[in-house]
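# Summary of structural features
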Amino acid sequence: MNENASRAPTAALPKPDLIGSYRPIPGIPDEMVDGAGRVRPGWQQLVSALESLGSGELEQRFERADQYLRDAGVFYRMYDGAQTREREWPLAHVPLLLEEAEWDVLAAGIAQRAEILEKVVADIYGDNTLVAEGLLPPELVAGNPEYLRPVAGMKPAGGHFLHFCAFELGRGPDGRWWVLGDRTQAPSGAGFALENRVATTRALPDVGALLNVKRLAGFFRDFRDALQSLAAERGGSVAILTPGPHNETYFEHAYIARYLGFLLLEGEDLTVSNGEVMVRTVSGLAPVSVLWRRMDAAFMDPLEFRHDSQIGTPGLAEAVRSGTLAVVNAIGSGIVESRALPAFLNGLSRHLTGEDLQLPSVATWWCGQPRELEHVAANLGTMIVGPAFSTRVPFEDRTDTVHGAALDAAGRAALADRLRAEGASLVAQEAVSLSTAPVYEDGRLVPRPVSLRVFAARTAQGWTVMPGGQARIGETLDPSAIAMQRGGQAADVWVLGSRPVDAVSLLPGDDRAVKRNRSGSLPSRAAENLLWLGRYAERCEATVRILRAYHARLADATQPGQALLTETAEYLESLDVDARRPVPAGLVAAIEGAVASAGRIRDRFSPDGWLALTDLLKTARMFEQRVQAGDDASRAMTVLLRKLGGFSGLVNENMYRFVGWRFLEVGRRLERGIQIARAATWMTRPGAAFGSSDLLLEVGDSVMTHRRRYNVNAGPLSVIDLLVLDALNPRSVHFQLAELFSQAIMLPGGEEDGQLSGVAREALRLRTSLAIAEPGELTGERLWSLVVDLGALADRIAERYFA
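Let me begin by describing the structure that accompanies this report. (Residues numbered from 1 in each chain as written. Predicted model: local features only at pLDDT ≥ 70, side-chain atom pairs only at ≥ 80, totals over all residues. Heavy atoms only, no water.)

Another point: the overall build of the protein. When you go through the protein residue by residue, the secondary structure sums to 24 helices and 22 strands. Expressed as lengths along the three principal axes of its C-alpha atoms, the size of the protein is roughly 95 × 80 × 65 Å. Counting across all 803 residues of the protein, residues that qualify as buried make up 56%. Relative to all contacts within the protein whose residues are 6 or more apart in sequence, the contacts with residues 24 or more apart total 72%. Taking the average place of the 84 positive charges on the side chains of the protein and the average place of its 99 negative ones, the gap between the two points comes to 2 Å. (Helix = DSSP H or I, 4+ residues; strand = E, 2+ residues; numbered from the N terminus. Buried < 20%, exposed > 50% of the residue type's maximum accessible area, 1.4 Å probe, protein only. Contact = heavy atoms within 4.5 Å. Lys, Arg positive; Asp, Glu negative; His and termini not counted. Charge placed at Lys NZ, Arg CZ, Asp CG, Glu CD.)

One pass over the full model with this rule turns up 47 salt bridges. Of the charged contacts in the structure, one is a salt bridge between Arg545 and Asp701, with a shortest N-O distance of 3.6 Å. Remark: Asp701 occurs in the loop between helix H19 (692–699) and helix H20 (703–709) and Arg545 occurs in helix H13 (residues 524–556); sequence separation between them is 156 residues. Classification of Asp701 as partly exposed rests on a relative accessible area of 45%. Taken together, the salt bridges that share partners define one network made up of Glu538, Glu665, Arg668, Arg669 and Arg672. (Salt bridge = Lys/Arg side-chain N within 4 Å of Asp/Glu carboxyl O.)

Attention shifts here to the nonpolar core. In this structure, Leu169, Phe220 and Trp292 are the most contacted members of the largest nonpolar core, which totals 147 residues. The biggest single contributor to this core is helix H1 (residues 41–72), with twelve residues. When near neighbours in sequence (up to four residues on either side) are disregarded, Leu169 contacts Leu106, Ile110, Trp177, Trp178, Val179, Leu180, Leu359, Ser451, Leu452 and Val454. One finds Val627, Ile674, Ala680 and Leu695 within the second-largest nonpolar core, a separate group that totals 95 residues. (Core = buried A, V, L, I, M, F, W, Y, C linked by side-chain atoms within 4.5 Å.)

Using the criterion set out here, one finds 21 aromatic pairs in the structure. Here the aromatic rings of Phe251 and Tyr255 are separated by 5.9 Å at their centres, their planes lie at 25°, and the arrangement is stacked. Taken together, the residues span about one helical turn, with Phe251 and Tyr255 both in helix H8 (residues 250–260) at a distance of four residues. Each of the two residues, Phe251 as well as Tyr255, counts as buried. Centre to centre, the rings of Tyr656 and Phe658 are 5.8 Å apart; their planes meet at 50°, and the pair counts as tilted. Look at Tyr656 and you get exposed, because its relative accessible area is 63%. (Phe/Tyr/Trp six-rings, centres within 6.5 Å; stacked < 30°, edge-to-face > 60°.)

Another aspect to go through is the sheet that holds strand E13 (residues 383–387). Strand order in the open sheet made by the four strands is E12-E15-E13-E14, with antiparallel pairing throughout. In this open sheet, the two edge strands, each paired with only one partner strand, are strand E12 (364–366) and strand E14 (402–403). Where E13 meets strand E15 (residues 426–430), five bridges bridge the pair, whose relative direction is antiparallel. Within the sheet, the bridge partner assigned to Met383 lies in E15 and is Glu430. Each of E12, E13 and E15 touches helix H11 (residues 370–378); the most contacted strand, E12, lies at about 125° to it. Against the sheet, helix H12 (residues 409–422) engages E13, E14 and E15, with an angle of about 130° to E15. (Pairing = 2+ DSSP bridges. Axes fitted to C-alpha atoms, helices over the stretch in contact; angles between N-to-C directions.)

Quick look at the packing of H19 against helix H21 (residues 716–725) now. With their axes 10 Å apart at the nearest point, H19 and H21 run at an angle of 15° to one another. Considering their axes alone, H19 and H21 lie roughly parallel with respect to each other. As for how H19 packs across H21, the hand of that crossing is left-handed. Residues Ser693, Leu696 and Leu697 of H19 form the contact with H21, whose own contacting residues are Pro716, Val719, Leu722 and Leu723. (Parallel < 35°, antiparallel > 145°, perpendicular 65-115°, else oblique. Left-handed = near helix turned anticlockwise from the far one by under 90°.)

Within the element layout of this structure, Ser289 appears in strand E10 (residues 284–293). Residue Ser289 is classed as buried on the basis of its relative accessible area, which comes to 2%. Excluding residues within four positions of it along the chain, Ser289 makes contact with Ala231, Arg234, Gly236, Ser237, Thr324, Leu325 and Ala326.

Glancing now at the packing of helix H16 (residues 607–626) against helix H17 (residues 631–654). When two helices pack together, their arrangement is given by the angle between the helix axes and the distance between those axes. Interhelical geometry of H16 versus H17 gives an angle of 170° and a closest axis separation of 9 Å. The orientation of H16 with respect to H17, classified from their angle, is roughly antiparallel. Counted together, Asp608, Gly609, Ala612, Leu613, Asp615, Leu616, Thr619, Ala620, Phe623 and Arg626 of H16 and Asp632, Ala636, Val639, Leu640, Lys643, Leu644, Phe647 and Leu650 of H17 form the full contact between these two elements. Residue composition of the contact of H16 with H17, by class: eleven nonpolar, two polar and five charged. (Nonpolar A, V, L, I, M, F, W, Y, C, P; charged D, E, K, R; others polar.)

The topology assignment puts Ala203 in helix H5 (residues 190–203). Using a relative accessible area of 2% as the deciding quantity, one classes Ala203 as buried. Along the backbone, Ala203 and Tyr656 are 453 residues apart, and their C-alpha atoms lie at a distance of 31 Å. With sequence-adjacent residues up to four places away left out, Ala203 is seen in contact with Arg61, Phe62 and Ala65.

Let us look at the environment of Gly189. Tracing the backbone shows Gly189 in the loop between strand E5 (177–183) and H5. Here Gly189 falls in the buried class, since its relative accessible area comes to 3%. In this structure the C-alpha to C-alpha distance between Gly189 and Arg453, which are 264 residues apart in sequence, comes to 7.9 Å.

Attention now moves to the pairing of strand E16 (residues 436–441). A regular strand places its side chains so that they alternate between the two faces of the sheet. The buried fraction of E16 amounts to five of the six residues, a majority that puts the element mostly inside the structure. Where E16 meets strand E17 (residues 444–459), six bridges bridge the pair, whose relative direction is antiparallel. Bridging from a neighbouring strand, Thr436 pairs with Pro449 of E17. Linkage of E16 to E17, two consecutive antiparallel strands, is achieved through a turn of two residues, within which Asp442 is found at a positive phi near 50°.

Shown next, in the form of structure tokens:
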């Protein structure tokens, strides 16, 4: 019988009327509906497709996109005073649509603007003719904190200052797109744009194909190839330089590095030797010739810029000066992010290219000029006034920006007085009413203000513009509240082609020779984090197994104070684990340590592995609040053990056997050996409580093996033989040392010309000492010496590969 035949038919949900219920804001241009109230063609197709799905199916699809982002661990770091927190990526599920003809005009204007900014930067750090000829006020150069004097006169390697730029666009009341801001310092958002595309495609794959949405991969492929060509000219590699995991867009840095196959480095990974930038790898120093920086230039070199920088590398500026390092974008190029520059940019364009800007800037007045200052003072009701040298944070969203319309007469008078006193440090821009775009809320479409971030990259063919980008959507109708830090959302941007688009991949389309990266190119910091990830994972497992055994016995105990329980609690206390708590803080801290280590190597860690770890931490924190001691806690530990097993399975089955996996494996084997030797020292000591040997077997996951291998009840000698000396038991200390030795000789320098490294020799010595030992020889003192020796081996590994 058909299982579904007995089910009562469900009434079909009514199709949503998304277009009929949409109400554009009077007087504000809308991206979906034109001035005559007609839905634009591409939008008509999109919304009709959404309506055809029905409310239930549509919301399931949007949830699918959100689930993908959660599984991938996409986040944005929020700053709230001194506190920071990770916010799940806020995807607005309905993409922003742009027709191909309109996009081509935008792309041409963006490419022109990027080249003009290149010429301006080159002049500022070169001949400085723009200032000399009066086209650019000297105050906007000398007074700008982004003007870095140590790099004045430098010629960038490769000949260009700018390689990757972003631009904030908004559509004004006249229907034209205006440039709201230029991003040249360390533009972010391209990686998030990719994730927006993947998530939106998960929800609407059929709709995207129907509308001939242009693909993004070709843009990244061409830029990757350009950087690799630049690096090949200098005999080094390409790397992305990140401030580290605490940066608000660190996820994107890791994502782009993984996507393009570049190294992700922090300042501590680099050193400058003989004028060349080198990355510290487990094989020694390796040259880096192109750095795509994702940190502010002033923090890159504490010797020549900010002396208090803890994230830079001493000597980087000298490497740039010598021409051995190309920086994307060049150090000092953030100077053209000045909010005052747009006031002069059209004149600079005419001077440098003979053309007006194809994409105009939002109306801007630098208040260091008397006539412009008085104009601003007389029209404060339509102005936004703020620092002339503000960067990155949207001008209208800065806390030190004043909206003239929000002031009363007295407030405007006070602001006018301030303008006259501090004019050279202030700039005014026309308050912009942004266009609106539809957002799906509570089963209907509602208009919200939208701005557009687009990206341009320098390639072998010149400037190319990503066919799409990232739309920022406001939470309310306030156009000044679209920033991510203030709760705004992000949407994919679809450029609609006139014909079906070709499939695009990052893979080369020809049969060129395959070039493999060297196996020892792993940065030392990444190797150290991989090793500690392995150690934390094993530490978690050992702790969970002991807690499970403890709570199982606690549940069956008629007297909670019996000796075995008391001694097990004392042993846990020696591990900084409080057995009085069903899910102790020490266990949660170990899981947090694993997550933190993995978080520092997100570019090398699979999304599945990350999901497994974060799910483990989420579950442990939930249990911490809900689980009771005894049988409840024992079952909770079984759940955590299964999740740990799932993570270990992913690592063993899916992780490529590259040098990074070897360090992870070394960490696991070190910690498992330490934990087993330590537990054996305690639980087989003379006078240990009755049942200690049985508990040790359970902790070592060897109960059934012991029953099959020994025709006796568990006793100290047979347990020591199985858990310390047995080379076939994957839980024994001997097995861990055998694995450590096999990995040690595979590490860079592990065995060369028949000679073993110090690490490999020490692992072999420890293994040999156990291979010839008898159970009776392993006294408590000898067992504890194993713990000490394994710790010393870990130190030797750190000295050899991480120092």
